[in-house]
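Structure at a glance
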Amino acid sequence: METKQLNTLIDRIAGNLKHKAGQLEELVKKYIQKAGQKRERVRNTAAQIQQDTLISDIPPQGILIDKPGNYQFAKTITWIPGQQATAIAIDIIADDVTLDLQGYSLVAVPVINTNSVIGINITGNNITIKSGVVVDMLLHGISASLCNNLTISGVAVQGSEYSYLGNDPLVTASGIYIELSENITLQNCQVSGANVTAPAYAGIQLSVSTHARVTDCQTSHLINNDGTVTGFSYVFSEHITTTNCLATKFRSYYQGKTTTFGHTVLGFLPTACKNLTYENCTAISLRGCCDDCHGMSIFESDDITVTGFSAIGIVDGDCPTNTGAKATGLEVYGNNITIQYSQVQNIFAIVPQDKQSCGFSAAGNNITFEACVAYNVFVFDENRNLTKNAAKYGYGIGFGWAPDPRQPFVGKNAVNTVYTNCGAIFCQVGFDTWNHIGGQWNNCSVEDCLTAVLQEAGGQRIFTMDKCSELPSNMTSPMTIINYAANNTFNPPISN
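All values reported here derive from a predicted model rather than from experimental measurement.

As for the overall build of the chain
Each helix and strand in the chain was counted, giving 3 helices and 42 strands. Counting every position in the chain, which comprises 496 residues, the buried fraction comes to 60%. For the chain, the exposed surface amounts to about 18,200 Å²; the carbon and sulfur share of it is 47%. Each charge class in the chain was averaged separately, 29 positive and 40 negative side chains, and the resulting centres sit 3 Å apart.

Quick look at the structure:
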């Protein structure tokens, strides 16, 4: 991508995000700094220049592809990277390159798991990577930056035991990482088997990028021993369509060794994004420790449509202390969001510090839920038993508010949220009106819930936080949350 194109991209996406607060502001600074650095295609003098289009071996210092062409693997290649801090097996700096792995594997044998070992690194335009397996890299299986017209198809990234205990809380290891790029296609890709100890791990992450299609991709069996883990993470990006994708079997733990912002587990996470579409995506069997766990979290994003989403088996608080922040099938912090024809089930939270487990939750303006169903949503006590002590433990809610006690999110109500033809089945509470203003419930139904509609005008709830659940240094716990619900209507009234 030429410098002028890059500047236009940054101005359009990141340039308008400087007002974001807290952690988002730090991310903005990071990407603006990267974008301000003029790209120079400087050859890595240590790398071996790849002369032949048939690749049969890779030396410890890696190979450099600096000429256009169609390159192919001749066989499965085992690569033993050197002990340098950053090691890249295949570095593509030329434009107009196709790399066909021919069904073979690129297998790394890292010597030090704290090094930034990358399988395939891309900074060229018009690049295609296809048909093979990238195994046991550390920081990234595939990394791409400053690209225009990038296609990755039929590639599996397996394994990572990356460890980072440094001071940068924004370090994110990933299977496929793409930043500052546009016109991207990811098709039939898989990321699995990571077991890292780092601030964050993402199966597939797109940062400050635009115009992408992610289709038929899977992220599975991902573990972070001391940080967040996300299947599909989009940051400061726009115009992305994600179709038929799966996030399954994630797990987080807490050790207190990394400088991570949190320990959330998320199947799908757009952060500060615009104009995204999700179609027929699924999150299954996600287990959080002492922070949040969500099938999907739409965070500080606008103009997003989700159709046919499913979340099954989302559990939070599964840790030695038997407490976490909350669990949600699909939560929304944003504006102009449409969720339709979606269903969540088996959403459980153990002693939730935000006093709820929730099927669908909302905070922001003009959020619409249509033909959505929440089934089997409950909270549990510290002995992992079902509890009706709502004052102490909260509720399992089919549809409700999306709480976040941190500033500035704590003041975000659900304004003009509309629920149409939605149903809650076998939940402790069907619909909770807490902090809904001008909400509408049209033709909604409740079956086998202890409470059909919870309305606690002017009520108070006591939230708690700790270091693991992202307690800011300028806040104290516990904190009192007040209900500002007003002007809500039900047509017709809802009853069990």
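With respect to a nonpolar patch on the surface
Together, Ile80, Val109, Val111 and Ile112 make up an exposed nonpolar region whose accessible area comes to about 310 Å². Within the secondary structure layout, Val111 lies in the loop between β8 (105-108) and β9 (116-122).

Topic: the state of the cysteines
All chains considered together, the criterion is met by 1 disulfide. Cys290 shares a disulfide with Cys468; S-S distance 1.6 Å. On the S-S bond that ties Cys290 to Cys468, the torsion sits near 70°, and the link is right-handed. Taken together, the residues span a long stretch of sequence, with Cys290 in the loop between β24 (282-287) and β25 (292-307) and Cys468 in the loop between β40 (460-463) and β41 (479-482) at a distance of 178 residues. Look at Cys468 and you get buried, because its relative accessible area is 4%. There is no disulfide at Cys147, and the cysteine sulfur nearest it, in Cys189, is 14 Å away. Its sulfur unpaired, Cys427 is 4.5 Å from the next cysteine sulfur, which belongs to Cys449.

Focus: the confidence of the model for the chain
When pLDDT is averaged along the chain, the result is 92, and 91% of the positions lie at 70 or above. Contacts for the low-pLDDT stretch residues 16-21, under 50 throughout, to residues beyond four places or in other chains number 9 contacts.

As for empty space enclosed by the protein
Over the atoms, a rolling probe the size of a water molecule traces out where space has been left empty. What the rule picks out here adds up to 1 cavity of 30 Å³ or more. Lining the largest cavity we find Pro81, Gly82, Gln83, Pro110, Val111, Ile112, Asn115 and Val117. In terms of residue class, the lining of the largest cavity is built from 5 nonpolar, 3 polar and no charged.

Side note on the packing of aromatic side chains
According to the stated counting rule, one finds 19 aromatic pairs in the structure shown. Aromatic side chains Phe232 and Phe268 sit 4.9 Å apart centroid to centroid with 5° between the ring planes, which places their arrangement in the stacked category. With Phe232 in strand β19 (residues 228-235) and Phe268 in strand β22 (residues 265-271), this residue pair connects regions lying 36 residues apart in the sequence. By relative accessible area, Phe232 is classed as buried at 0%. Judged by relative accessible area, which is 0%, Phe268 ranks as buried. For the ring pair Phe360 and Phe399, a centre distance of 5.0 Å and an interplane angle of 10° mean the geometry is stacked.

Thoughts on the pairing of β24
A regular strand carries its side chains on alternate faces of the sheet. Looking at chain direction, strand β21 (residues 246-252) and β24 are connected through 5 bridges and run parallel. Note that in β24 the partner of Thr248 across the bridge is Ile284. The pairing of β24 with strand β26 (residues 310-316) spans 5 bridges and is parallel. Following the sheet pairing, Ile284 is matched in β26 by Ile312.

Digging into the side chain of Thr242
Structurally, the position occupied by Thr242 is in strand β20 (residues 238-243). At 2.8 Å, the side chain of Thr242 forms a polar contact with the side chain of Tyr234. Beyond its immediate chain neighbours, meaning those up to four positions away, Thr242 contacts Val214, Tyr234, Thr277, Tyr278, Glu279 and Cys281.

Things to note about the environment of Leu54
By the secondary structure assignment, Leu54 is in strand β2 (residues 54-55). For the pair Leu54 and Ser285, spaced 231 residues apart in sequence, the C-alpha to C-alpha distance is 41 Å.

Things to note about the pattern of salt bridges
One side chain can pair with another of opposite charge once the charged atoms of both are near each other. Inspection of every chain in the model, using the stated rule, returns 11 salt bridges. The salt bridge involving Asp292 is made with Lys326; its shortest N-O contact spans 2.6 Å. With Asp292 in strand β25 and Lys326 in strand β27 (residues 326-340), this pair connects stretches of sequence that are 34 residues apart. Residue classification places Asp292 among the buried positions, given a relative accessible area of 9%. Between Glu470 and Arg406 there is a salt bridge, and its shortest N-O distance comes to 2.8 Å. Of this pair, Glu470 sits in the loop between β40 and β41 while Arg406 sits in the loop between β31 (395-401) and β32 (414-415), and the two are 64 residues apart along the sequence. Comparing Glu470 with Arg406, the two get one shared label, buried.

Side note on the environment of Ser495
Relative to the helices and strands, Ser495 is located in the segment after β42 (489-491). Residue Ser495 is classed as exposed on the basis of its relative accessible area, which comes to 53%. Separated by 448 residues in the primary sequence, Ser495 and Ala47 place their C-alpha atoms 69 Å from one another. If we ignore the near neighbours within four places in the chain, the residues touching Ser495 are Val446 and Ala452.

Rules used in this analysis
Residues numbered from 1 in each chain as written. Predicted model: local features only at pLDDT ≥ 70, side-chain atom pairs only at ≥ 80, totals over all residues. Heavy atoms only, no water. Helix = DSSP H or I, 4+ residues; strand = E, 2+ residues; numbered from the N terminus. Buried < 20%, exposed > 50% of the residue type's maximum accessible area, 1.4 Å probe, protein only. Areas by Shrake-Rupley, 256 points an atom, 1.4 Å probe, with all protein chains shown as cover. Lys, Arg positive; Asp, Glu negative; His and termini not counted. Charge placed at Lys NZ, Arg CZ, Asp CG, Glu CD. Patch = residues over 30% accessible without salt bridge, like charges linked within 9 Å, V, L, I, M, F, W, Y side chains within 5 Å. Salt bridge = Lys/Arg side-chain N within 4 Å of Asp/Glu carboxyl O. Disulfide = S-S within 2.5 Å. pLDDT = per-residue confidence, 0-100. Contact = heavy atoms within 4.5 Å. 1 Å grid on protein atoms, 1.4 Å probe; cavity = no way out; pocket = protein on both sides within 12 Å on 5 of 7 lines; lining within 4 Å. Points joined across faces, edges and corners; volume = space filled by probe spheres on them. Nonpolar A, V, L, I, M, F, W, Y, C, P; charged D, E, K, R; others polar. Phe/Tyr/Trp six-rings, centres within 6.5 Å; stacked < 30°, edge-to-face > 60°. Pairing = 2+ DSSP bridges. Polar contact = N/O pair within 3.5 Å; in protein donor to acceptor, adjacent residues only side chain to side chain.

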